[in-house]
Amino acid sequence: GDKVKQSPSALSLQEGTNSALRCNFSIAATTVQWFLQNPRGSLINLFYLVPGTKENGRLKSTFNSKESYSTLHIRDAQLEDSGTYFCAAEAKGGNYKPTFGKGTSLVVHP
Amino acid sequence: EAAVTQSPRNKVAVTGGKVTLSCNQTNNHNNMYWYRQDTGHGLRLIHYSYGAGSTEKGDIPDGYKASRPSQENFSLILELATPSQTSVYFCASGDAGGYTEVFFGKGTRLTVV
């Protein structure tokens with residue numbers, strides 16, 4: 001099975017609304033990264049987390065290593081938030097090679 | 001901000017030909033990675049490296065070789081390209097201080113015909 005499972009796989013939001021994306025891990029994740037792949041295909045770093053919470057503007061992310069999940073909250077969604085969101089986890093003893101989920105495709109519409 | 005540069009950005013290759021994808025990073029990171037991205041699979045690790053002279057197999061190494069001649073450069077080599085290797089390839093780099101935030105290049109779109 002997938003070591004990093006993202007949900008939902010696809011999401012449609014109206015501009016101005018809030019939502020949450022989730023990653024569940026079947027590995028002993030020690031760090032988590034969240035990326036946004038924009039429509040041009042570039043992977044943009046959003047957050048790098050050890051267990052805890054970080055916030056940046058309208059985005060907030062939490063990593064709970066004991067319960068093996070991470071969330072990305074989007075507040076007041078904007079059109080430019082559209083794209084595919086990936087999480088990647090690095091596992092204890094994993095030799096520093098992040099494992100990716102399959103992504104959440106987000107479309108924000110007016 | 002980490003800088004990872006991939007070349008070429010687009011490549012069309014013939015079946016059975018040799019393809020080399022290049023990656024350069026200017027941040028003195030120890031670790032470098034090659035991933036491929038396909039619809040429905042996310043990013044999958046092909047090869048990675050801990051430093052000059054080192055290459056390690058990732059999760060899907062078959063049909064690929066890697067070379068790390070220096071701290072800055074990491075190449076992915078397809079000796080005999082096949083249509084199943086048509087994909088978008090991403091290079092990334094990260095430091096090895098116990099926790100590794102990785103930074104990606106813009107990707108190379110490879111089509112094998």
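Structural data are supplied above this passage.
For the structure given in this document, a descriptive report is provided here. (Residues numbered from 1 in each chain as written. Chains lettered and ligands numbered in written order. Predicted model: local features only at pLDDT ≥ 70, side-chain atom pairs only at ≥ 80, totals over all residues. Heavy atoms only, no water.)

## Considering the sheet that holds strand E7 (residues 59-64) of chain A
Residue and element names in this part refer to chain A.
Now for step 1: Across the sheet, which stays open at both edges, the five strands sit in the order E1-E3-E8-E7-E6 with antiparallel pairing between neighbours. Since the sheet does not close on itself, it has two edges, and those belong to strand E1 (4-7) and strand E6 (52-56), each with one partner. Taken pair by pair, the neighbouring strands of this sheet meet at an average axis angle of 15 degrees, ignoring direction.
Now for step 2: Sheet analysis places E1 next to strand E3 (residues 19-25), joined by four bridges and oriented antiparallel. Its bridge partner lying in E3, Val 4 is registered against Phe 25. (Pairing = 2+ DSSP bridges. Helix = DSSP H or I, 4+ residues; strand = E, 2+ residues; numbered from the N terminus. Axes fitted to C-alpha atoms, helices over the stretch in contact; angles between N-to-C directions.)

## A few points about the nonpolar core
Now for step 1: If you look at the biggest cluster of nonpolar residues, it comprises 23 residues, and the most contacted ones within it are A:Val4, A:Phe25, A:Trp34, A:Leu72, A:Tyr85 and A:Leu106.
Now for step 2: Residue assignment for this core shows that the elements contributing at least two residues are strand E2 (10-14), E3, strand E4 (29-37), strand E5 (43-49), E7, strand E8 (69-74), strand E9 (83-91) and strand E11 (104-109) of chain A.
Now for step 3: For this core, the element with the highest residue contribution is E4(A), accounting for four residues.
Now for step 4: Once residues within four sequence positions are removed from consideration, A:Leu72 is found in contact with A:Ser19, A:Ala20, A:Leu21, A:Trp34, A:Leu46, A:Phe47, A:Leu59, A:Lys60, A:Ser61 and A:Tyr85.
Now for step 5: One finds B:Val4, B:Val19, B:Tyr89 and B:Cys91 within the second-largest nonpolar core, a separate group that totals 18 residues. (Core = buried A, V, L, I, M, F, W, Y, C linked by side-chain atoms within 4.5 Å. Buried < 20%, exposed > 50% of the residue type's maximum accessible area, 1.4 Å probe, protein only. Contact = heavy atoms within 4.5 Å.)

## Focus on the state of the cysteines
Now for step 1: Summed over all chains, the structure comprises two disulfides over all chains.
Now for step 2: A:Cys23 shares a disulfide with A:Cys87; S-S distance 1.7 Å. Taking the torsion about the sulfur-sulfur bond, which here is approximately -105 degrees, the covalent link between A:Cys23 and A:Cys87 counts as left-handed. One end of the pair, A:Cys23, is in strand E3; the other, A:Cys87, is in strand E9, and 64 residues separate them in sequence. A:Cys87 matches A:Cys23 in its accessibility class, with the two residues each being buried.
Now for step 3: With its sulfur 1.9 Å from that of its partner, B:Cys23 forms a disulfide with B:Cys91. Its S-S torsion of about -80 degrees marks the bond between B:Cys23 and B:Cys91 as left-handed, since a negative value means left-handed. With a gap of 68 residues between them, B:Cys23 in strand E3 (residues 19-25) and B:Cys91 in strand E9 (residues 87-94) connect regions that are remote in the sequence.
Now for step 4: Its relative accessible area of 3% is what places B:Cys23 among the buried residues.
Now for step 5: Residue B:Cys91 is classed as buried on the basis of its relative accessible area, which comes to 0%. (Disulfide = S-S within 2.5 Å.)

Bear in mind that shape data such as this cannot, by itself, settle questions of function.
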